[in-house]
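Report on the structure
Given next are the chains, with one letter for each unit.
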Amino acid sequence: KAGVTQTPRYLIKTRGQQVTLSCSPISGHRSVSWYQQTPGQGLQFLFEYFSETQRNKGNFPGRFSGRQFSNSRSEMNVSTLELGDSALYLCASSLEAVGTYNEQFFGPGTRLTVL
Amino acid sequence: KQEVTQIPAALSVPEGENLVLNCSFTDSAIYNLQWFRQDPGKGLTSLLLIQSSQREQTSGRLNASLDKSSGRSTLYIAASQPGDSATYLCAVTSGTYKYIFGTGTRLKVLA
């Protein structure tokens, strides 16, 4: 069974641009969560999607948005990029929604660098 | 507000040693606790998941315990190997259905 895949793996953008990251969960998994990892703040929860609906959201500005498609694939969008958005963005999938007795499985991440 | 702390922040041990990593959380109302390892620049690999009703889980040389009332979990690694070198993270799922991650313990096992 294929694991969680994320594309692209690496991305370089300039301030003010926007970016879209993609995540394909493990087959059969309906929940996709997104996290931002930086050396200073560690791993922080961005949002979770379950059955195409945003179920929960972390404390990030509205420039960070996401969506989930009917096949459970998810995209995350960041508009008007800032230098501080440089980070490793991780996607995780689980069978059911977070908060139940479910294990999360993580993808390899997308390394975003904002110049 | 749930806060998760891991001690120590970094650890360096000789190969073969048994070691314990600690994870503390402030709100005992959790659904589960999961331990991960992360290699540099990579994603997270799930090691063990402990449900809130469980006291411990074992997988190979790894054993994780959970004491909800005291807000603590420990990850025990037996007979450590250089391949165990990585950052170890714990994460709790709280009542607001979000995963809160700890600060991580960076482990180095010397050959």
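Here, every reference points to the structure presented above.
Here is a short report on the structure shown in this document. Computed from a predicted structure; not experimentally measured.

Basis of the calculations
Along each chain, numbering runs from 1 in the same order as the chain's sequence is written. Chains carry letters and ligands carry numbers; both start at the beginning, A for chains and 1 for ligands, and go up in the order they are written. Side-chain atom pairs in this predicted model are given and counted only at pLDDT of 80 or more, local residue features only at pLDDT of at least 70, and totals for whole chains, interfaces and linings cover all residues. For the side-chain quantities, the full set of heavy atoms in the structure was used; hydrogens and water were omitted. Note on contacts: a residue pair is in contact if any heavy atoms of the two residues lie within 4.5 Å. As used here, buried area is the combined drop in accessible area, with a 1.4 Å probe, of two parts when they are placed together. Polar contact is defined as a pair of N or O atoms within 3.5 Å, subject to the rule that within protein one atom must be able to donate a hydrogen and the other to accept it, and that residues adjacent in sequence are counted only when both atoms are side-chain atoms. Helix and strand definitions follow DSSP, with helices as H or I runs of at least four residues and strands as E runs of at least two, each counted in order from the N terminus. When residues are sorted by character, Ala, Val, Leu, Ile, Met, Phe, Trp, Tyr, Cys and Pro go into the nonpolar class, Asp, Glu, Lys and Arg into the charged class, and all the rest, Gly among them, into the polar class. When DSSP finds at least two bridges between two strands, those strands are taken to pair. Fitted lines through C-alpha atoms serve as axes, helices being fitted only where they are in contact, and the angles separating the N-to-C directions of these axes extend from 0 to 180 degrees.

Some words on the interface of chain A and chain B
Contact residues are listed per partner, giving 22 residues for chain A and 20 residues for chain B. With both sides pooled, the region where chain A packs onto chain B buries about 1,700 Å², and carbon together with sulfur makes up 55% of that total. Where chain A touches chain B, the interface holds four residue pairs in polar contact (both at pLDDT 80 or more). Elements supplying a minimum of two residues to the side of chain A that touches chain B: β4 (31–38), β5 (42–50), β6 (53–57) and β9 (87–94) of chain A. The residue inventory of the side of chain A that touches chain B, partitioned by class, reads nine nonpolar, eight polar and five charged.

Considering the sheet that holds strand β8 (residues 74–78) of chain A
All names here are of chain A. With antiparallel pairing, four strands are arranged side by side in an open sheet as β1-β3-β8-β7. Every other strand in the sheet has two partners, leaving β1 (5–7) and β7 (64–68) as the edge strands with one partner each. On average, each strand axis in the sheet is inclined to that of its neighbour by 20°, with strand direction left out of account. The pairing of β7 with β8 spans five bridges and is classified as antiparallel. Looking across to β8, one finds that S65 is bridged to N77.

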